[in-house]
Amino acid sequence: MTTFIEEVAHQLYEKYGDDISSLVLIMPSKRARLFFAESLSKIVTRPVWEPEYSSIDDLMCELSGLQKVDRLRLIAELHKIYSEYHQEKFDEFYHWGEVLVADFDMIDKYRVDASQLFSNIRDIKEIESDMSYLSPEQIEIINRFWHTLAVDKSDEIEGSVAKSRFMKIWESLGVIYDKFRSRLRQLGVGYTGMIYREAVERLEQDGTPKLGNKRYIFIGFNALSKCEKALLQYMQRCGNAEFYWDYDNYYVKNEFQEAGLFIRENLSTFSKGEGISHDNFHNIKSVNVLSASSNVAQCQSVVDILEDIASQNGGKIDKDTAVVLTDENLLMPLLYALPEKFKVERKEYNGKI
């Protein structure tokens, strides 16, 4: 079966020929770029320059003028702002800071009205802050998570002190959010959601092309945030973008299939590349179900399956074999369970790339 990436490579080379090097390919992962490059190498008949590869993150950074920074620095800057309203040591604040940065990221990616959101949350939390129905054990669990709710032993745990501190946190979040963004903007940095929102707002305020005359090809995307949709719609209006969606008619044309929810929306909003097959789901498949008593047993079962595949393939496992884990926590146990010969082959393959 011809893969989606192979079909896209064939269509683009057929359409642009050696001028394919002038394109900018936007893909969800770096792994997809490797497979595209290999697929293209099988098609071309003479030396050509590869297309330029980029990501939505790169485009957003270019448009916003901001750069992404690591999470530790973000939390450190957030702690400075947070400390203006609540006194808490950095090591105690770190976990809460991670939660806040993740929440701020989602707020910006989906362009939520932050002031309205935090106002609503404050009202909800005021209702929830009534602890009279909780047992002492439950209240103790809450206090361990909300370090800022910790009270002296002399304070009554169910009294107004805990409730007051609890409410102050939620009342201050809107201001903390605004000041945090303002501080990061001064530094020329931001978290992903902030960068996305800044980029889209700049596009909407200016309305003129900012990405030059390059041709952008978006390949293999599925669920898009509100900011990502705004960027793709803008580029579609500018006429310098094409879209290739990886899906199957089996679940897209059936509205009762949840798997096609986002793709159906994308297809109704954006154009789609021609010449890509979308009817492969009915191909004959072989599915074997094995029972395992533990996670360790699951990993060992994977090793046994890989051994069987290797024995049928000259003792090797190639890139056409994929291991998909339902629990990411199994990744490290599986890597440790793999025989050395599989690890060596993986290193050689990466070195070849």
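Described in the following lines is the structure provided in the data block.

## Focus: the sheet that holds strand E5 (residues 215-219)
Reading across from one edge, E2-E1-E5-E6 is the order of the four strands in this open sheet, with parallel pairing throughout. Looking at the sheet topology across the chains shown, the edges are occupied by strand E2 (52-54) and strand E6 (241-244). Neighbour-to-neighbour, the strand axes of the sheet open up by a mean angle of 25°, direction not taken into account. Here strand E1 (residues 23-26) runs beside E2; their pairing, made up of three bridges, is parallel. For Leu-25, the partnering residue across the bridge sits in E2 and is Tyr-53. In this fold helix H1 (residues 4-16) packs onto E1, E5 and E6, with an angle of close to 150° to the strand it touches most, E6. Docked against the sheet, helix H3 (residues 56-64) engages E1, E2 and E5, running at close to 140° with respect to E5.

## Digging into the side chain of Glu-242
Within the secondary structure layout, Glu-242 lies in strand E6. According to the relative accessible area criterion, Glu-242 is buried, its value standing at 8%. Excluding residues that lie within four positions of it along the chain, Glu-242 makes contacts with Leu-12, Lys-15, Tyr-16, Arg-215, Tyr-216, Ile-217 and Phe-218.

## Overview of the pattern of salt bridges
It is possible for side chains bearing opposite charge to pair when their charged atoms get close. By the definition in use, this model includes 16 salt bridges. The closest approach of N and O atoms between Arg-215 and Glu-242, which form a salt bridge, is 3.2 Å. With Arg-215 in strand E5 and Glu-242 in strand E6, this residue pair connects regions lying 27 residues apart in the sequence. Among the residues examined, Arg-215 registers a relative accessible area of 26% and is labelled partly exposed. Through salt bridges with shared partners, one network takes in Asp-108, Arg-181, Arg-185, Arg-197, Glu-198 and Glu-201.

The rules behind these values
- Residues numbered from 1 in each chain as written.
- Predicted model: local features only at pLDDT ≥ 70, side-chain atom pairs only at ≥ 80, totals over all residues.
- Heavy atoms only, no water.
- Pairing = 2+ DSSP bridges.
- Helix = DSSP H or I, 4+ residues; strand = E, 2+ residues; numbered from the N terminus.
- Axes fitted to C-alpha atoms, helices over the stretch in contact; angles between N-to-C directions.
- Contact = heavy atoms within 4.5 Å.
- Buried < 20%, exposed > 50% of the residue type's maximum accessible area, 1.4 Å probe, protein only.
- Salt bridge = Lys/Arg side-chain N within 4 Å of Asp/Glu carboxyl O.

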